[in-house]
Amino acid sequence: SFDPQTYTVAQMLDAAAARLDGRWKDDPLTEASIRASLGGSYNALFRFDQAKVQINRALELYHALGNKAGEADMLDTLALSASNAGLYEDSLPLFRRALDQLNQLGKDADPVLVFACKRDYALALNWLNRDLDTGSRLVEEAIALAAREPAISRVGLARAISLRADMLVKRGRQAEAEAAYQKSLETGRREDPGGLWEANAIGGLTGLRSRKGNFAAARDLAAQRYHLFLKFHGAGRGTTGVEKVNWAAFTARAGDVDGALAMLREAMPVVRNGFPAGSLRTLNALNSAAQILNLAGRFAEAESYAREALALEDKNHLAEGDGRRASSLWQLA
């Protein structure tokens with residue numbers, strides 16, 4: 001008995017999870033499959049704690065059954081859950097274990113899962129700015145696999161091409177990076193024009209415009225990216241809050257400091273409530289907030305955000321030469 005006008009997906013998942021224990025004792029494979037589905041759905045709602053419970057139980061069941069493919073899938077899902085939460089450090093050993101399992105399966109491994117594991121593992125390395133040679137190799141392997149495997153979506157390939165572009169930016173190859181971002185958009189739009197996946201390439205192009213000092217163009221692209229998250233994640237999701245703060249930062253640099261300050265005040269509570277403690281997903285918002293507040297002459301608040309960003313960088317073991325750490329120090333200075 002429920003009200004169909006107010007019954008949410010989260011409530012549906014919670015109700016299903018409560019009914020699982022003891023129900024499939026004689027059919028562990030079915031229980032593992034159901035728990036894997038529940039975990040994936042919780043991940044999509046950014047309810048990472050509930051996802052972890054279900055995925056870990058599915059992993060135990062697949063292991064007991066000797067189901068290596070199921071184990072690899074759950075390890076990858078656990079890694080992706082940690083990565084989506086911004087806990088990239090936690091995701092790395094899980095991605096490595098998943099990839100080891102897939103390598104052991106050889107030709108029996110699901111190519112779609114191999115592709116996703118390599119791409120998302122590389123994404124985590126890129127976020128941490130660590131072992132970029134391994135990350136680049138994984139991205140190239142993923143792109144090559146997508147080129148010969150029709151089961152891999154063009155949107156998935158587009159995201160991999162965009163990640164390759166991110167890595168080119170870090171190597172100072174900006175012209176190649178811009179071409180890759182455009183290639184990403186061209187590839188993905190054949191399958192899903194206007195999808196959330198476009199945010200990856202649009203974010204990269206935003207950064208390139210900013211590097212050239214074209215803050216008005218960067219502001220407009222940041223607004224476009226924000227509205228994609230607003231459409232697909234809703235106003236209350238932490239990811240949407242981060243994008244609004246980033247948009248505000250480019251708005252301030254384009255000359256509208258008061259407007260940016262108002263946007264910041266609206267968005268930061270959403271950012272803080274949207275991710276677990278220590279999440280690296282909040283870092284760009286913290287640095288952007290410090291920048292906006294400095295431009296607004298609110299130096300005590302700016303200092304607080306810059307110091308919070310530095311503490312987060314320390315917690316995630318970002319290298320001394322990481323550009324995000326330099327940004328935090330610059331705002332603090």
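Our subject in this report is the structure included herewith. If you're wondering where the values come from, they're calculated on a predicted model, not measured in any experiment.

### Digging into the overall build of the protein chain
Then comes step 1: Across its full length, the protein chain carries 16 helices and zero strands.
Then comes step 2: For the protein chain, the spread of C-alpha atoms along the principal axes amounts to about 65 × 50 × 40 Å.
Then comes step 3: Buried residues in the protein chain amount to 51% of all 333 residues.
Then comes step 4: For the protein chain, the share of sequence-separated contacts (at least 6 apart) that also reach a separation of at least 24 residues comes to 60%.
Then comes step 5: When the accessible surface of the protein chain is totalled, it reaches about 15800 Å², and 51% of it is carbon and sulfur.
Then comes step 6: Charged side chains of the protein chain number 42 positive and 41 negative; the gap between the two group centres comes to 2 Å.

### Digging into the environment of Ile161
Then comes step 1: Note on placement: Ile161 falls in helix 8 (residues 154-170).
Then comes step 2: Judged by relative accessible area, Ile161 falls into the buried class, the value being 6%.
Then comes step 3: Considered as a pair, Ile161 and Gly188 are 27 residues apart in the sequence and their alpha carbons are 9.8 Å apart.

### Considering the side chain of Arg325
Then comes step 1: Position of Arg325 among the secondary structure elements: in helix 16 (residues 323-332).
Then comes step 2: The exposure class assigned to Arg325 is buried, which follows from its relative accessible area of 6%.
Then comes step 3: If we ignore the near neighbours within four places in the chain, the residues touching Arg325 are Leu310, Glu313, Asp314, Leu318, Ala319 and Glu320.

### Quick word on unusual backbone geometry
Then comes step 1: Notably, Asn129 is not glycine yet its phi reads approximately 55°, a positive angle.
Then comes step 2: One non-glycine residue, His317, lies in positive phi territory at about 60°.

### Re the pattern of salt bridges
Then comes step 1: Per the stated rule, a full pass over the model turns up 24 salt bridges.
Then comes step 2: Residue Asp133 pairs with Arg171 through a salt bridge whose shortest N-O separation is 3.1 Å. With Asp133 in helix 7 (residues 132-148) and Arg171 in the loop between helix 8 and helix 9 (174-189), this pair connects stretches of sequence that are 38 residues apart.
Then comes step 3: We classify Arg171 as partly exposed; its relative accessible area is 36%.
Then comes step 4: Beyond isolated ion pairs, a larger network of salt bridges with shared partners links Glu31, Arg35, Arg57 and Glu60.

### Some remarks on the layout of surface pockets
Then comes step 1: Of the volumes computed, that of the second largest pocket is approximately 290 Å³.
Then comes step 2: Taken together, 14 residues make up the lining of the second largest pocket; nearest its centre are Phe48, Lys52, Ser81, Ala82 and Leu87.
Then comes step 3: At the level of elements, helix 3 (48-65), helix 4 (68-84) and helix 5 (88-105) are the ones that each hand at least two residues to the lining of the second largest pocket.
Then comes step 4: A total of four residues in the lining of the second largest pocket trace back to one element, the largest contributor, which is helix 3.
Then comes step 5: The class makeup of the residues in the lining of the second largest pocket is eight nonpolar, two polar and four charged.

### Quick look at the packing of helix 4 against helix 5
Then comes step 1: With their axes 8 Å apart at the nearest point, helix 4 and helix 5 run at an angle of 160° to one another. The angle between helix 4 and helix 5 places the two elements in the roughly antiparallel class. For helix 4 against helix 5, the interelement crossing comes out left-handed. Contacts between helix 4 and helix 5 involve Lys68, Ala69, Glu71, Ala72, Leu75, Asp76, Leu78, Ala79, Leu80, Ala82 and Ser83 on the former and, on the latter, Tyr88, Asp90, Ser91, Leu94, Phe95, Arg97, Ala98, Gln101, Leu102 and Leu105.
Then comes step 2: Split into classes, the residues belonging to the contact of helix 4 with helix 5 amount to 13 nonpolar, three polar and five charged.

Conventions adopted
Residues numbered from 1 in each chain as written. Predicted model: local features only at pLDDT ≥ 70, side-chain atom pairs only at ≥ 80, totals over all residues. Heavy atoms only, no water. Helix = DSSP H or I, 4+ residues; strand = E, 2+ residues; numbered from the N terminus. Buried < 20%, exposed > 50% of the residue type's maximum accessible area, 1.4 Å probe, protein only. Contact = heavy atoms within 4.5 Å. Areas by Shrake-Rupley, 256 points an atom, 1.4 Å probe, with all protein chains shown as cover. Lys, Arg positive; Asp, Glu negative; His and termini not counted. Charge placed at Lys NZ, Arg CZ, Asp CG, Glu CD. Salt bridge = Lys/Arg side-chain N within 4 Å of Asp/Glu carboxyl O. 1 Å grid on protein atoms, 1.4 Å probe; cavity = no way out; pocket = protein on both sides within 12 Å on 5 of 7 lines; lining within 4 Å. Points joined across faces, edges and corners; volume = space filled by probe spheres on them. Nonpolar A, V, L, I, M, F, W, Y, C, P; charged D, E, K, R; others polar. Axes fitted to C-alpha atoms, helices over the stretch in contact; angles between N-to-C directions. Parallel < 35°, antiparallel > 145°, perpendicular 65-115°, else oblique. Left-handed = near helix turned anticlockwise from the far one by under 90°.

Function cannot be inferred from these measures alone, as they are strictly geometric.
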